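Here is how the chains run, residue by residue.
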Amino acid sequence: MDIKKISFIGLGLIGGSIAKTIRRVAPQIKMYALSGHLSTITDAYEAGIIENSHMPDMKEISDSDYIFLCTPVKQNLLYLEQLKSCIAPHTMITDVGSVKGDIHRAVAKLSLEAHFIGGHPMAGSEKTGFQAATSYLLENAYYVITPTSKTPKEQLFRFRGLVSSLGAIPLVLEPDEHDFATAAISHLPHMLAYSLVHLVKEIDDPKETMKTIAAGGFRDMTRIAASSPVMWQEICLSNQTQMLRLIDLYTKQFQKLRSYIEEKDAPSMTGYFSSAKDYRDSLAIRKPGSIQPVYELYCDLIDEVGGIATLATLLASNGINIKNIGIVHNREFADGVLHIELYDEVSLNTASMLLKKHHYTVYER
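In this text the structure is predicted, and so the values were computed from the model without any measurement. (Residues numbered from 1 in each chain as written. Predicted model: local features only at pLDDT ≥ 70, side-chain atom pairs only at ≥ 80, totals over all residues. Heavy atoms only, no water.)

Helix and strand counts for the chain stand at 14 helices and 11 strands. Projecting the C-alpha coordinates of the chain onto the three principal axes gives extents of approximately 65 × 55 × 40 Å. Contacts in the chain between residues far apart in sequence, at least 24 positions, make up 71% of those at least 6 positions apart. With an accessible surface of roughly 19600 Å², the chain has 57% of that area assigned to carbon and sulfur atoms. Here the chain contributes 36 positive and 41 negative side-chain charges, whose respective centroids are spaced 3 Å apart. (Helix = DSSP H or I, 4+ residues; strand = E, 2+ residues; numbered from the N terminus. Contact = heavy atoms within 4.5 Å. Areas by Shrake-Rupley, 256 points an atom, 1.4 Å probe, with all protein chains shown as cover. Lys, Arg positive; Asp, Glu negative; His and termini not counted. Charge placed at Lys NZ, Arg CZ, Asp CG, Glu CD.)

Take a look at the structure:
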């Protein structure tokens, strides 16, 4: 690549993963970074990722080929104002935010459209910070690119090449198109998860019966409600228009289902559920995305002292690292009593074959 210098403002999970991937695939590129914590700069410097061991100012990164804004949306807007007065003629600014409308409007207001390409890597993790960043987080993940009307075509082509070199799949969209799509497949599901948790919390009895028997369906759907409350508050405010539009559309969809149930319309219910199942089955469930896939299986536990230890030892002796393990008391959908979560699909498939070989009954979702 003809790229000589890339700088980062913010070096957390996404920024750090992009930087680590660039160091892996294009070690000749010089990289610099600013961060809210000097310790992050120190860690990145000692890891050989960036050139600076100190906290640089804006002028020191102003001649970069690319400047990645990797801080929360509102902070990115402030950094745009600072960069306007000092960037070099050839410098392109990009971001990694999950909402594009606000930053595109700010870019237009600052007359920076010829220097900006929006970006959103559809990848993530339950962990945060530079230490959680990896050089393979973006592998085969969609990387949405949202150019402005004044982004030079050659710069768009060049940035697509950079994204592809990271192992990601570039997808060019309009900012509003991106925000509506992500509101539907990412933001709305989080709102549903939060609201469902609140519903169960408010209607549960004093004995917490619902909490006690909460099983697979509830846990799977509400897992994402464990995400950062501050981050989702910012996303809702940044993508308010699309969020409200999607909530209204979902409300109409839910009312349709309610009417089928109220009218005891069995054929319509069956058709509704079948159509949804067919569409759900057509999805590439384990494709990387903004919500990380879960690699889990359930199995019946052999009724003997040390049964869990025996199973764990079997997996460990075959090089399989367990991420989480626990007993499931509610056997919804005929799942087994032991729940095992693993780190990747290879481990999942290997563990399944190994357990079946040793006569465990395995259920996969």
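Across soluble globular proteins, nonpolar side chains have a tendency to be buried as a group. Ranked by internal contacts, the top residues of the largest apolar core, which has 37 residues, are Ile6, Phe8, Ile18, Met31, Phe68, Tyr143 and Phe159. Of all the secondary structure elements, the ones that give two or more residues to this core are strand E1 (5-9), helix H1 (13-25), strand E2 (30-34), helix H2 (38-46), strand E3 (66-69), strand E6 (142-147) and helix H6 (153-165). Here this core takes five residues from H1, the largest share from any one element. By size, the runner-up hydrophobic cluster in this structure holds 18 residues, among which are Cys86, Ile93, Ala106 and Leu112. (Core = buried A, V, L, I, M, F, W, Y, C linked by side-chain atoms within 4.5 Å. Buried < 20%, exposed > 50% of the residue type's maximum accessible area, 1.4 Å probe, protein only.)

Right, let's talk about a nonpolar patch on the surface for a bit. A grouping of Tyr142, Ile169 and Leu171 is seen on the molecular surface, where their side chains present a nonpolar patch of about 220 Å² in accessible area. Positionally, Ile169 belongs in strand E7 (residues 169-172). (Patch = residues over 30% accessible without salt bridge, like charges linked within 9 Å, V, L, I, M, F, W, Y side chains within 5 Å. Salt bridge = Lys/Arg side-chain N within 4 Å of Asp/Glu carboxyl O.)

Quick look at the side chain of Lys5 now. Topologically, Lys5 is positioned in strand E1. Beyond its immediate stretch of four places on either side in the chain, Lys5 contacts Ile29, Lys30, Tyr32, Glu60, Ile61, Asp63, Ser64, Asp65 and Tyr66.

On to the environment of Ala47, then. Along the chain, Ala47 turns up in the loop between H2 and helix H3 (58-61). A relative accessible area of 47% places Ala47 in the partly exposed class. Sequence separation between Ala47 and Lys20 is 27 residues, and the spatial gap between their C-alpha atoms is 9.4 Å.

Our next topic: the packing of aromatic side chains. Tallied over the full model, the rule gives seven aromatic pairs. Ring centres 5.5 Å apart and planes at 50° place the aromatic pair Tyr66 and Phe159 in the tilted group. Taken together, the residues Tyr66 in strand E3 and Phe159 in helix H6 connect sequence positions 93 residues apart. Between Phe68 and Phe159, the ring centres sit 6.3 Å apart and the planes meet at 40°, which makes this aromatic pair tilted. (Phe/Tyr/Trp six-rings, centres within 6.5 Å; stacked < 30°, edge-to-face > 60°.)

Here we come to the side chain of Ser62. Here Ser62 is to be found in the loop between H3 and E3. Those residues in contact with Ser62, other than ones at most four positions away along the chain, are Cys86, Ile87, Ala88 and Thr91.

So, on to helix H13 (residues 307-317). Looking at H13, one finds that the buried residues are Gly307, Leu311, Leu314 and Leu315. Along the axis of H13, the buried positions cluster into a sector of 95°, meaning they face one direction only. The exposed residues of H13 that point more than 90 degrees off its buried face are Thr313, Ala316 and Ser317. Of the surrounding secondary structure, the elements contacted by the buried residues of H13 are strand E8 (295-299), strand E9 (322-327), strand E10 (338-342) and helix H14 (345-357). Looking one or two places after H13, you find Gly319, whose phi comes out positive at around 75°. (Arc of directions from axis to C-beta.)

The end-to-end C-alpha separation of helix H11 (residues 240-262) is 32 Å, in line with the 33 Å expected for 23 residues at 1.5 Å each. Within H11, burial applies to Gln242, Met243, Leu246, Leu257 and Tyr260. On its buried face, H11 sits against helix H7 (175-203), helix H10 (229-238) and helix H12 (266-281). Lys264 sits one or two residues past H11 and shows a positive phi near 55°. (Expected span 1.5 Å × (residues − 1).)

Right, let's get into the state of the cysteines. Counted under the stated rule, the structure contains zero disulfides. You can see Cys86 has no disulfide; the closest cysteine sulfur is in Cys70, sitting 17 Å from it. Judged by relative accessible area, Cys86 falls into the buried class, the value being 18%. (Disulfide = S-S within 2.5 Å.)

Relative to the elements of secondary structure, Glu234 occurs in helix H10. Overall, Glu234 belongs to the partly exposed group, its relative accessible area being 22%. Taking the C-alpha atoms as reference points, Glu234 and Val73, separated by 161 residues in sequence, lie 7.5 Å from one another. Apart from the residues within four sequence positions on either side, Glu234 is in contact with Pro72 and Val73.

This paragraph deals with the sheet that holds E6. Hydrogen bonding along the main chain pairs the strands of a sheet, whether they run parallel or antiparallel. Within the open sheet, the seven strands sit side by side as E2-E1-E3-E4-E5-E6-E7. Their pairing is mixed. The open sheet has two edge strands with one neighbour each: E2 and E7. Each strand of the sheet is rotated relative to its neighbour by a mean of 25°, with strand direction disregarded. Where E1 lies against E2, five bridges are found, and the strand directions are parallel. Looking at the pairing, Phe8 lines up with Ala33 of E2. Sitting on the sheet, H1 touches E1, E2, E3, strand E5 (116-121) and E6, and the angle it makes with E1 is about 160°. (Pairing = 2+ DSSP bridges. Axes fitted to C-alpha atoms, helices over the stretch in contact; angles between N-to-C directions.)

So yeah, pure geometry; function would need other evidence.
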